[in-house]
Amino acid sequence: MNRRNFLIWVPVAIISFIAIAANLLNKLWNYIIGPKLTEEQEAKLIEKRIQNLERTAGLEKLREERLLKSKIFICDLKDLKKKEGISFVDFNLRPALAFKGTNYEPVLISSVCTHLGCTVQNKLNKGRLLCPCHISYFELETGKPLEGPAKTPLPMIPFVVEDEKVYILKNV
Ligand code: FES
């Protein structure tokens, strides 16, 4: 390399090195302090955090209620429908449904599919409960599997009716 080339390439190499180092430092800085958010993004993030906290608080309230009580109010008897279930969570915090049965008695049944655990739909499909994941049908009144890959019945939820109100009972 002659002297002229050397004088051209040395500044180019130095500038390139500084640019790469600055880029790396910038990335490191962003990694440490996190990305810069606009006010709108920050507001959304805070809103999400609040929602998560509320969800956690709601879950804790349900847990506490289940620890302290032996029965939990689900709905008024008059609100039960034949074709559309009221969603609730059972004593083990698993999803379940409440219907009005064929003889107007309440039917409370787990909505956790016994195949692979998807949630059964709350609206009846041709008078049967449907798990849409792999298409299993269950009989509403007994939870018995009728069609599809599920082979075990949906568990029925113990309940009591007092003063026209439906309560679920703690399993003993
Ligand atoms: S999880 Fe319900 S049919 Fe598979």
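Residues numbered from 1 in each chain as written. Predicted model: local features only at pLDDT ≥ 70, side-chain atom pairs only at ≥ 80, totals over all residues. Heavy atoms only, no water.

Re the pattern of salt bridges
Here's step 1: Summed over all chains, the structure comprises nine salt bridges.
Here's step 2: Linking glutamate 65 and arginine 66 is a salt bridge whose minimum nitrogen-to-oxygen distance equals 3.5 Å.
Here's step 3: With its nearest N and O atoms 4.0 Å apart, the salt bridge here joins aspartate 76 to lysine 78.
Here's step 4: Because the salt bridges share partners, they merge into one network encompassing Asp76, Lys78, Asp79 and Lys165. (Salt bridge = Lys/Arg side-chain N within 4 Å of Asp/Glu carboxyl O.)

Observations regarding a nonpolar patch on the surface
Here's step 1: Taken together, Phe6, Leu7, Val10, Ile14, Phe17 and Ile18 make up a surface patch of nonpolar side chains, about 610 Å² in accessible area.
Here's step 2: With respect to the helices, strands and loops of the structure, isoleucine 14 is situated in helix α1 (residues 3-33). (Patch = residues over 30% accessible without salt bridge, like charges linked within 9 Å, V, L, I, M, F, W, Y side chains within 5 Å. Areas by Shrake-Rupley, 256 points an atom, 1.4 Å probe, with all protein chains shown as cover. Helix = DSSP H or I, 4+ residues; strand = E, 2+ residues; numbered from the N terminus.)

Examining the domain arrangement of the protein chain
Here's step 1: Here the protein chain is described as being made up of domain 1 (3-67) and domain 2 (70-169).
Here's step 2: For domain 1 versus domain 2, the separation of C-alpha centres amounts to 46 Å.
Here's step 3: Facing the four residues of domain 1 at the interface are six residues of domain 2.
Here's step 4: Ranking the residues of domain 1 by area buried against domain 2 places Leu62, Glu65 and Arg66 at the top, with a combined share of 85%.
Here's step 5: In this structure, the connection of domain 1 to domain 2 is made through zero salt bridges.
Here's step 6: Counting every contact that joins domain 1 to domain 2 gives two residue pairs in polar contact (both at pLDDT 80 or more).
Here's step 7: Broken down by class, the residue content of the side of domain 1 that touches domain 2 amounts to one nonpolar, no polar and three charged. (Domains from an automatic or database assignment. Contact = heavy atoms within 4.5 Å. Buried area = accessible area lost by both parts, 1.4 Å probe. Polar contact = N/O pair within 3.5 Å; in protein donor to acceptor, adjacent residues only side chain to side chain. Nonpolar A, V, L, I, M, F, W, Y, C, P; charged D, E, K, R; others polar.)

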